Amino acid sequence: MTTHVAVIDYGMGNLHSVASALKHVGADRVDVTHDPSTIAAADRVVFPGVGAIRDCMTEIKRLGCDDLLRSALADRRKPVLAICVGMQALMDSSEENGGVETLGIVPGSVRFFGRDHTDSSGHRLKVPHMGWSQVKQAMVHPLWAGIDDSCRFYFVHSYWVSPAAEEVIAGTFDYGLLGCAAMAKDNLFAVQFHPEKSHDPGLRLLRNFLNWDGSC
Amino acid sequence: MPLAKRIIPCLDVDRGRVVKGINFVGIRDAGDPVEIARRYNEEGADELTFLDITASHEARDTTASTVEKIAREVFIPLTVGGGVREVSDIRTLLNAGADKVSINTAAIHNPELVKEAAERFGSQCIVVAMDVKRVSEHAQPPRYELFTHGGRKPTGIEAVSWAQKMAELGAGEILLTSMDRDGTRDGFELVITRAISDAVDVPLIASGGVGNLEHLAEGISVGGADAVLAASIFHFGEFTIPQAKAYLEGKGIEVR
């Protein structure tokens, strides 16, 4: 089986990390692109994201990346991995930038940790949530294969995803609240952390993605 | 389990070679940055910082290509700083493979750059670096100010309020270096580290002065740092990253 990955490029920052990590774990071909035919031809799709949500949404729509993503998701044999802001963009809306309507692919919202964020014992927690946090796996999924439950991944975000349906939650992190670290539904897997920056467990997750047929 | 405290080896790079100055003079050559970055990645460093201390603009292209080479092999976050003056410099470094870009002097000359950069690229990738020195006499209440030019040029700007202003403008993280301690191996300047960590919501990286593993622990437990940065103790093979982590863990500090 060859692995041809399209990393959807909507012009927001550094996508090389994702591309080079995918190559490192054995992808045969990685295209960083917003060309519809290239994305249609790829056998799996990564929807990354860095930056502020409003600008991301503007570019996603301007380049037609929303339609490309929807058609990739509609093809159930095509695995899709959304990362960080890519995951947040899947929801209905985000509190960032004064409130932004997002893609509405997964019901739920994206919320701010808030100023004066604290843990359960009242200790102040810095925002952004930046660094290595444990991810508790909430379901058995091919993308967790070979990854220890509660191992640490690298996070950097000030907003967190709150899905409407609990059953899509594939993993959680604990940072003053129990947040959604990963979601899974059909051929979609989405992560709040950065697997491409999470060393061995992150690379393992990307390798699992290359080996995934899109079914749960 | 709480967020792990981060250990960040720092590569000071001059014309493509990692160096480490003692008080920014008396530079020793420590090696090839790609080689060193790969080693820290394998050893379990939580992040890497790459500071370009090259003075000339021509040599900066070397930096971008070095960052590219590192980014191809290192799968932990990479912060790059040094000589960042405008938004286009930030874009160049992010495109070369940096995950975060550190702004220092340019933020002093033009604080709006921090705001513009955070709005464009997101706070998560904008680090404001500040070099501070204690300016008050010993018996006086402590006052720290920002310095530029490797600690030689005073700015008169008070450090704590500056850190708060930078966080308000959108800095996602503060990299604090004590110029009194940098290169001394006497440990972090804990007073100002604590003051800034308490005053800002964003994470704080402590830098300057690490000479042993206890210094790393103090930076976290006394200084309140979210991450500790060190160069020479790692570069010259005195301690490995796993040794540092084992030490911190023994002190009850959460590590990866």
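See the structure printed just above.
A brief report on the enclosed structure follows. (Residues numbered from 1 in each chain as written. Chains lettered and ligands numbered in written order. Predicted model: local features only at pLDDT ≥ 70, side-chain atom pairs only at ≥ 80, totals over all residues. Heavy atoms only, no water.)

Looking at the interface of chain A and chain B
Working step 1: With 32 residues of chain A at the interface, the matching set in chain B holds 39 residues.
Working step 2: Together, the buried faces of chain A and chain B total about 2900 Å²; carbon and sulfur atoms form 51% of this surface.
Working step 3: When the buried surface of chain A facing chain B is broken down by residue, Lys126, Met130 and Trp132 of chain A rank first, second and third, together holding 24% of it.
Working step 4: Counting every contact that joins chain A to chain B gives 5 salt bridges.
Working step 5: Linking Asp226 of chain B and Lys126 of chain A is a salt bridge whose minimum nitrogen-to-oxygen distance equals 3.0 Å. (Contact = heavy atoms within 4.5 Å. Buried area = accessible area lost by both parts, 1.4 Å probe. Salt bridge = Lys/Arg side-chain N within 4 Å of Asp/Glu carboxyl O.)

Comments concerning the pairing of strand β12 (residues 169-174) of chain A
Residues and elements named next belong to chain A.
Working step 1: Summarising burial for β12: 5 of the 6 residues are buried, a large majority.
Working step 2: With 5 bridges joining them, β12 and strand β13 (residues 178-185) adopt antiparallel strand pairing. Bridge assignment links Gly171 to a residue of β13, and that residue is Ala182.
Working step 3: Counting the residues in the hairpin turn of β12 and β13 gives 3 residues, including Gly176, whose phi is positive at 75 degrees. (Buried < 20%, exposed > 50% of the residue type's maximum accessible area, 1.4 Å probe, protein only. Helix = DSSP H or I, 4+ residues; strand = E, 2+ residues; numbered from the N terminus. Pairing = 2+ DSSP bridges.)

Details of the sheet that holds strand β3 (residues 44-47) of chain A
Residue and element names in this part refer to chain A.
Working step 1: With mixed pairing, 8 strands are arranged side by side in an open sheet as β2-β1-β3-β4-β14-β13-β12-β9. Bordering the open sheet on either side are β2 (29-33) and β9 (136-137), each of which pairs with just one other strand.
Working step 2: One ladder, built from 4 bridges, connects β13 with strand β14 (residues 188-191); its direction is antiparallel. Bridge pairing links Ala182 to Val191 in β14.
Working step 3: Contacting β1 (4-8), β2, β3 and β4 (80-83), helix α1 (residues 16-24) runs over the sheet at an angle of about 170 degrees to β2. (Axes fitted to C-alpha atoms, helices over the stretch in contact; angles between N-to-C directions.)

Some thoughts on the packing of α1 of chain A against helix α6 (residues 199-211) of chain A
All names here are of chain A.
Working step 1: It is the contact of α1 with α6, at a shortest axis distance of 9 Å, that shows an interaxial angle of 70 degrees. Relative to α6, α1 is oriented roughly perpendicular. On α6, the residues that touch Ala21, Leu22 and His24 of α1 are Leu203, Leu206 and Leu210.
Working step 2: A breakdown of the residues in the contact of α1 with α6 according to their chemical character gives 5 nonpolar, 1 polar and no charged. (Parallel < 35°, antiparallel > 145°, perpendicular 65-115°, else oblique. Nonpolar A, V, L, I, M, F, W, Y, C, P; charged D, E, K, R; others polar.)

So yeah, pure geometry; function would need other evidence.
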